[in-house]
Number of protein chains: 2
Amino acid sequence: MVRGDHVRSIAWQIEQYLKAMLERASNGVIEVQRSALSELFNCAPSQINYVLSTRFTLAHGYVVETRRGGGGYVRIVRINLSADERLRRFLKEILDEGINENEAQGFIEFLQEEGILTNRESNLLKNICSDRVLSRAVTNANELRSNILQSVLITILREDV
Amino acid sequence: MVRGDHVRSIAWQIEQYLKAMLERASNGVIEVQRSALSELFNCAPSQINYVLSTRFTLAHGYVVETRRGGGGYVRIVRINLSADERLRRFLKEILDEGINENEAQGFIEFLQEEGILTNRESNLLKNICSDRVLSRAVTNANELRSNILQSVLITILREDV
DNA sequence: TCACCTCTGACCATCTTTGACCTTATTGTA
DNA sequence: TACAATAAGGTCAAAGATGGTCAGAGGTGA
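First, a word on scope: everything that follows refers to the structure included in this document. Note that this is a predicted model, so its numbers are computed, not measured.

### Brief notes about the packing of helix α5 (residues 101-113) of chain B against helix α8 (residues 141-157) of chain B
To characterise two packed helices, one gives the angle between the axes of the helices and the distance between these axes.
All names here are of chain B.
Turning to step 1, where the next piece is worked out: At a closest axis distance of 11 Å, the pairing of α5 and α8 adopts a crossing angle of 10°. Judged by the angle between their axes, α5 and α8 are roughly parallel. As α5 runs across α8, the sense of the crossing is left-handed. Across the interface between the two elements, Glu-101, Ala-104, Phe-107, Ile-108 and Leu-111 of α5 pack against Arg-145, Leu-149 and Leu-153 of α8.
Turning to step 2, where the next piece is worked out: Along the lines of polarity and charge, the residues of the contact of α5 with α8 split into 6 nonpolar, no polar and 2 charged.

### Some details on the protein's contact with DNA strand C
Turning to step 1, where the next piece is worked out: Surrounding DNA strand C, one finds 26 residues, the nearest of these being Ser46(A), Tyr50(A), Arg67(A), Arg68(A) and Tyr50(B).
Turning to step 2, where the next piece is worked out: At a separation of 2.9 Å, a phosphate oxygen of DNA strand C approaches a polar side-chain atom of Arg55(A).
Turning to step 3, where the next piece is worked out: Here a phosphate oxygen of DNA strand C sits 2.3 Å away from a polar atom, N or O, in the side chain of Arg67(A).
Turning to step 4, where the next piece is worked out: Elements with a minimum of two residues in the surface near DNA strand C: α1 (10-24) and α3 (45-55) of chain A together with α1 (10-24) and α3 (45-55) of chain B.
Turning to step 5, where the next piece is worked out: When the residues that make up the surface near DNA strand C are grouped by side-chain class, the tally is 10 nonpolar, 10 polar and 6 charged.

### Focus: unusual backbone geometry
Turning to step 1, where the next piece is worked out: Of note, the phi angle at Asn42(A) is positive, near 55°, even though the residue is not glycine.
Turning to step 2, where the next piece is worked out: Mapped onto the elements, Asn42(A) comes out in the loop between α2 (34-40) and α3.

### Description of the environment of Thr118(A)
Turning to step 1, where the next piece is worked out: By the secondary structure assignment, Thr118(A) is in the loop between α5 (101-113) and α6 (119-128).
Turning to step 2, where the next piece is worked out: Not counting residues within four places of it along the chain, the set of residues in contact with Thr118(A) comprises Gln112(A) and Arg120(B).

### Here we look at the interface of chain A and chain B
Turning to step 1, where the next piece is worked out: In this complex, chain A contributes 33 residues to the contact, which on the side of chain B involves 38 residues.
Turning to step 2, where the next piece is worked out: When chain A packs against chain B, the two sides together hide about 3100 Å² of surface, and 60% of this comes from carbon and sulfur.
Turning to step 3, where the next piece is worked out: Glu121(A) is the partner of Arg120(B) in a salt bridge, and the nearest nitrogen-oxygen pair spans 2.6 Å.
Turning to step 4, where the next piece is worked out: Where chain A meets chain B, there are 8 residue pairs in polar contact (both at pLDDT 80 or more).
Turning to step 5, where the next piece is worked out: Sorting the residues of the side of chain A that touches chain B by element identifies α6, α7 (131-134) and α8 (141-160) of chain A as the ones contributing at least two each.
Turning to step 6, where the next piece is worked out: With 9 residues, the top contributor of residues to the side of chain A that touches chain B is α8(A).
Turning to step 7, where the next piece is worked out: Residues belonging to the side of chain A that touches chain B are distributed by class as follows: 16 nonpolar, 9 polar and 8 charged.

### Things to note about the packing of aromatic side chains
Turning to step 1, where the next piece is worked out: Here the structure, examined in full by the defined rule, presents 5 aromatic pairs over all chains.
Turning to step 2, where the next piece is worked out: Ring centres 5.4 Å apart and planes at 80° place the aromatic pair Tyr17(B) and Phe41(B) in the edge-to-face group. In this pair, Tyr17(B) is assigned in helix α1 and Phe41(B) in the loop between α2 (34-40) and α3, connecting sequence segments 24 residues apart.
Turning to step 3, where the next piece is worked out: Residue class for Phe41(B) comes out buried when judged on its relative accessible area of 16%.
Turning to step 4, where the next piece is worked out: On the numbers, 4.8 Å between centres and 65° between planes, the contact of Phe56(B) with Tyr62(B) is edge-to-face. Here Phe56(B) and Tyr62(B) have matching classes, each one buried.
Turning to step 5, where the next piece is worked out: The ring of Trp12(A) is capped by Arg8(A), whose NZ or CZ atom sits 5.0 Å from the centre of that ring.

About the thresholds
- Residues numbered from 1 in each chain as written.
- Chains lettered and ligands numbered in written order.
- Predicted model: local features only at pLDDT ≥ 70, side-chain atom pairs only at ≥ 80, totals over all residues.
- Heavy atoms only, no water.
- Axes fitted to C-alpha atoms, helices over the stretch in contact; angles between N-to-C directions.
- Helix = DSSP H or I, 4+ residues; strand = E, 2+ residues; numbered from the N terminus.
- Parallel < 35°, antiparallel > 145°, perpendicular 65-115°, else oblique.
- Left-handed = near helix turned anticlockwise from the far one by under 90°.
- Contact = heavy atoms within 4.5 Å.
- Nonpolar A, V, L, I, M, F, W, Y, C, P; charged D, E, K, R; others polar.
- Near = heavy atom within 4 Å.
- Polar contact = N/O pair within 3.5 Å; in protein donor to acceptor, adjacent residues only side chain to side chain.
- Buried area = accessible area lost by both parts, 1.4 Å probe.
- Salt bridge = Lys/Arg side-chain N within 4 Å of Asp/Glu carboxyl O.
- Phe/Tyr/Trp six-rings, centres within 6.5 Å; stacked < 30°, edge-to-face > 60°.
- Buried < 20%, exposed > 50% of the residue type's maximum accessible area, 1.4 Å probe, protein only.
- Lys NZ or Arg CZ within 6 Å of the ring centre and 35° of its normal.

Keep in mind these values describe shape, not function.
Spelled out as structure tokens, the structure:
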């Protein structure tokens, strides 16, 4: 019942598995088969979609491409921040429409993994952008999160130059 | 009261149990499951919440993070309140009332001068706490600033970061 | 008795997991 | 080529698994 020995969700395990695969992949791209993955983790195939849609979104720094039919696959691409045409699309998409807690967490983690934020900055921002902090005081928390992250990016980009 | 050996409440027992666990934990963090804990002590699950909200508050030097759903947990993080008496005082202060833009700027600068925040962290936070960022989305910006700075202090004082 | 803790149960919120049904691509065959 | 069979993957709503809230009942010391 205590500490690290409690069983995490299957979703979490699949997430870890895929991220480890990505880590090993030299080019930041992996391909898996949904059915094979779901068999490996002994779960429903749609569970894989759940994991993808909650943990491998654009905001988290991933693009997922799939193909149906024979020879079908799920391809997960780690976004490369230096490819700035993608970055612009990415920021626009994320920051224009507001961003929820989960997406913000993912985005901040992504910035950290890219070396743009330190671990401590990442922790600070994740807490600041949590519903626990924001939702108390505000109704449109998603919009506020966008404002905050935009100002963070502006500050950092300014510094980098 | 004089006697130390009268029958203690369940709440007290749970408190001791959790604190003993924290003592054993190397980094001041433990994770438990609410349902498992309540079964262990043979009480209602909400009893756990009672213990957490009366004995593991910020003022007591703890932060509680939880997650619902499958694989859910209750995580208790001890923060290092003894680290700095001034921070402690400030924390108490912002727990009560909101603070305006100027006060926030001043406090952030103070933290920077004390070596508690880096220059970059300070810049990030000053921007985030500005009315330019907050006021557009919110009416009670002062209260929100309090929340934000409070979470900043909590993050910094955590033993596991 | 009063004031203040403690404790519970009914009801709520959130995250996960599954299954039934749908869409699309490839392959084999007439 | 047309078509059927087969082999992927997609969607969505409902069920399952946790934890949260709150009002009120239950204890206990002063």
